[in-house]
Amino acid sequence: KESSDPRIGEMKVREDTWHYHNGSFLRFRGLDEETKAKSTNYALVVLEEAEEFTFDEFRRLNERVRKMGDWPLRIILVLNPVNEDHWIYKQFVDNAHQWKDNGGLLVLHFSTYDNIKNLPKGYIEQVTVGMSPDEIDRYIHGNWGNIVKGKPVYTDILRPDIHLWTMPRFPG
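Below is a summary of the structure that appears in this document. Note that this is a predicted model, so its numbers are computed, not measured.

Rules used throughout
Residues numbered from 1 in each chain as written. Predicted model: local features only at pLDDT ≥ 70, side-chain atom pairs only at ≥ 80, totals over all residues. Heavy atoms only, no water. Salt bridge = Lys/Arg side-chain N within 4 Å of Asp/Glu carboxyl O. Helix = DSSP H or I, 4+ residues; strand = E, 2+ residues; numbered from the N terminus. Buried < 20%, exposed > 50% of the residue type's maximum accessible area, 1.4 Å probe, protein only. Pairing = 2+ DSSP bridges. Right-handed = clockwise from strand over helix to strand, strands pointing away. Core = buried A, V, L, I, M, F, W, Y, C linked by side-chain atoms within 4.5 Å. Contact = heavy atoms within 4.5 Å.

Going through the model one piece at a time under the given rule, you end up with two salt bridges. For Lys-12, the salt bridge goes to Glu-10, with nearest N and O atoms at 3.5 Å. Across the pair Arg-59 and Asp-56 runs a salt bridge whose closest N-O atoms are separated by 3.8 Å. Linking Arg-59 with Asp-56, this pair stays in helix α1 (residues 55-62), spanning three residues, or about one helical turn. Take Arg-59: its relative accessible area is 42%, and that puts it in the partly exposed class. Classification of Asp-56 by relative accessible area gives exposed; the value is 52%.

Written as structure tokens, this is what we have:
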């Protein structure tokens, strides 16, 4: 079924494309078939839930960002923070200098608290029930990091006030 908003454009459902009156368009594509991204040129690619994409899929799409025209070329990744072993962390945190030196990198960090005005009252308290501190740090505060499953070892016998010591600095 075709649908449209005559004020701004129309949706061509069979093409999975929204056409604007000014000639621009939004094409919605999945990567379930590798051929869907071949022989295409885009000025902008947005990967929603980017952590679900493989690095090879990202690279293949990044190669498609080459459309000629007045648009600045961009690829945007929208994601929840990942652990330090994920390709996104390795590429855009560990190797951020490569991206900054070769065309640019902009990282926007948001936490759930940044959207608090649009969330139901008590939302954060509700969703954090049963979450570990690592999960809260990642999913609520939006920080990169690993989530350790299971019970920490030695928590019942390790007492930081007794067993941990800060070594003093010696002159020299």
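Our focus in this paragraph is the pairing of strand β6 (residues 74-78). Regular strands place side chains that alternate from one sheet face to the opposite one. Across five bridges, strand β5 (residues 44-48) lies against β6 in parallel orientation. Among the inter-strand pairings, Leu-44 is bridged to a residue of β6, identified as Arg-74. Taken together, β5, α1 and β6 constitute a β-α-β crossover, and its handedness is right-handed.

Residues Val-45, Leu-47, Trp-87 and Ile-88 are the most contacted members of the largest nonpolar core, which totals 13 residues. When residues of this core are assigned to their parent elements, the largest contribution, four residues, is made by helix α2 (residues 87-94). The residues contacting Leu-47, other than those within four sequence positions of it, are Phe-53, Phe-58, Leu-61, Ile-75, Ile-76, Leu-77 and Val-78.

Structural measurements only, silent on function.
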